[in-house]
Amino acid sequence: ISELLVYTMQSSDNVACDILFDYIGGVNVVDEYIHSLGINDVSITATEDEMHQDMDDCYKNWTTPMEAANLLELFMTQDFMRNEYTDFQKQIMIECGTVKDRLPAPLPESEVKIGHKTGTSDKNDRGEYIGINDIGFVILPDGSRYVVAVFVKDSKENMETNAKIISDISAAVYRYAGNR
């Protein structure tokens, strides 16, 4: 399971994600669990394989950036799992090697620690990226931290522009958090 989590979180391995969905009983189990935490603006009804077979299924799985950030904040502050599992999951996010040009891009590596998870869709039949996303936590030099989630939806921009949008928002949040 730990290897599947690493593949899912660090390499965005869709096969590993679907294996984990199957292992725990399906997407509905994940959806119900997230709702039980008080995270309501979310729907997880399609597997990665289903979304690749029918691009319209990508729209069945959704949340808002605020609810994604709320879920990450719960993960950072609540004891849902034993500490070693939480620490393992946080470390996987810190070691995430995918897509460094989004949330991490404007952050000074020597000063902050970031754990994040990217999401990148295919293009729909209108030539739009369905979703280009990044969600993460940032630990500042003084030990304080914040969570951030940025979603770019139905974008006709190229991948570099979408990443720059996310990076620019990350820079603005970092400046705000650093000045508080």
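Below, the structure is looked at part by part. Because the structure is a prediction, the values reported are computed rather than measured. (Residues numbered from 1 in each chain as written. Predicted model: local features only at pLDDT ≥ 70, side-chain atom pairs only at ≥ 80, totals over all residues. Heavy atoms only, no water.)

### Here we look at the overall build of the chain
To be explicit about the condition: Under the DSSP-based scheme used, a helix requires at least four consecutive residues in state H or I and a strand at least two consecutive residues in state E, with every element numbered from the N terminus. Here the globule rule reads 2.2 Å times residues to the power 0.38, and the radius of gyration is calculated from C-alpha atoms. Three labels apply to residues, based on accessible area from a 1.4 Å probe with only protein chains included: buried if under 20% of the type maximum, exposed if over 50%, partly exposed otherwise in between. Accessible surface area values rest on a Shrake-Rupley calculation with a 1.4 Å probe, where residue burial reflects the displayed protein chains alone. In this tally, Lys and Arg are treated as positive and Asp and Glu as negative; His is ignored, and so are the chain termini. The atoms used to mark charge sites are NZ of Lys, CZ of Arg, CG of Asp and CD of Glu.
Each helix and strand counted, the chain has seven helices and five strands in total. On C-alpha atoms alone, the chain measures out to a radius of gyration of 16 Å, which is about the 16 Å that the 2.2 N^0.38 rule sets for 180 residues. When the backbone C-alpha atoms are referred to their principal axes, the chain occupies close to 45 × 40 × 30 Å. Taken over 180 residues, the chain has a buried fraction of 41%. Accessible surface, the chain: about 10,100 Å² in total, of which carbon and sulfur atoms supply 52%. Within the chain, one finds 15 positive and 31 negative side-chain charges whose respective centroids are separated by 7 Å.

### Topic: the environment of E48
To keep things clear, this is the line we draw: Whether two residues touch is decided by their heavy atoms; if any such pair falls within 4.5 Å, the residues are in contact.
The residue E48 is located in helix 4 (residues 48–53) in this model. Put simply, E48 and F80 are 32 residues apart on the chain and 25 Å apart in space, counted from C-alpha to C-alpha. If near-sequence neighbours (up to four positions away) are discounted, E48 is found in contact with N14, C17 and D18.

### Focus: the pattern of salt bridges
Operational definition: When a carboxyl oxygen of Asp or Glu is within 4 Å of a side-chain nitrogen of Lys or Arg, the pair counts as a salt bridge.
Across all of its chains, the model carries five salt bridges by this definition. K60 is the salt-bridge partner of D57, the closest N and O atoms lying 2.9 Å from each other. Overall, D57 belongs to the buried group, its relative accessible area being 12%. For D168, the salt bridge is made with K164, and the minimal N-O distance between the two is 2.6 Å. With D168 and K164 both in helix 7 (residues 159–179) and four residues apart, this pair spans about one turn of that helix.

### Examining the nonpolar core
Burial of nonpolar side chains together is a common tendency in soluble globular proteins. Our working definition: As used in this record, nonpolar core signifies buried Ala, Val, Leu, Ile, Met, Phe, Trp, Tyr and Cys residues forming a set joined through side-chain atoms within 4.5 Å.
L107, V138, L140 and Y146 are the most contacted members of the largest nonpolar core, which totals 15 residues. When residues of this core are traced back to their parent elements, those giving at least two are strand 4 (129–139), strand 5 (145–155) and helix 7. It is strand 5 that provides the largest number of residues to this core, a total of four residues. Grouped together as the second largest cluster of nonpolar side chains are 12 residues, M9, I135, F137 and V147 included.

### Here's the deal with the sheet that holds strand 3 (residues 113–120)
The following threshold applies: Pairing between two strands is assigned when DSSP locates at least 2 bridges connecting them. Only the stretch in contact is used when a helix axis is fitted, and all axes are lines through C-alpha atoms; the angle between N-to-C directions ranges over 0 to 180 degrees.
Across the sheet, three strands lie side by side as 3-4-5; this open sheet has antiparallel pairing. Each end of this open sheet is capped by a strand with a single partner; those strands are strand 3 and strand 5. Each adjacent strand pair in this sheet contributes to an overall mean axis angle of 10 degrees, direction not counted. Both strand 4 and strand 5 contribute to a ladder of 10 bridges, which runs antiparallel. Within the sheet, the bridge partner assigned to F137 lies in strand 5 and is V147. With respect to the sheet, helix 5 (residues 65–77) is in contact with strand 4 and strand 5, its orientation differing from that of strand 5 by roughly 150 degrees. Against the sheet, helix 6 (residues 83–94) makes contact with strand 3 and strand 4, and its axis sits at roughly 75 degrees relative to strand 3, the strand it touches most.

### A look at the state of the cysteines
Counted only if it meets this: The criterion for a disulfide is a pair of cysteine sulfur atoms lying within 2.5 Å.
Summed over all chains, the structure comprises zero disulfides. Its sulfur unpaired, C17 is 12 Å from the next cysteine sulfur, which belongs to C58.

### What about the environment of K60?
Position of K60 relative to the elements: it lies in the loop between helix 4 and strand 2 (62–63). Taking the C-alpha atoms as reference points, K60 and T45, separated by 15 residues in sequence, lie 6.2 Å from one another. In contact with K60, not counting residues within four places along its chain, are S43 and T45.

### Concerning the layout of surface pockets
Heads up, the condition is: Points on a 1 Å grid over protein atoms alone make up a cavity when a 1.4 Å probe fits among them but cannot get out, and a pocket when they form an open set with protein on both sides within 12 Å along at least five of seven lines; lining residues each have an atom within 4 Å of a point. Grid points are joined across faces, edges and corners, and a volume is the space filled by probe spheres set on the points. Three categories are distinguished: nonpolar for Ala, Val, Leu, Ile, Met, Phe, Trp, Tyr, Cys and Pro, charged for Asp, Glu, Lys and Arg, and polar for the others, with Gly belonging to the last.
Empty space within the second largest pocket amounts to approximately 190 Å³. For the lining of the second largest pocket, the residue count by class is six nonpolar, one polar and two charged.

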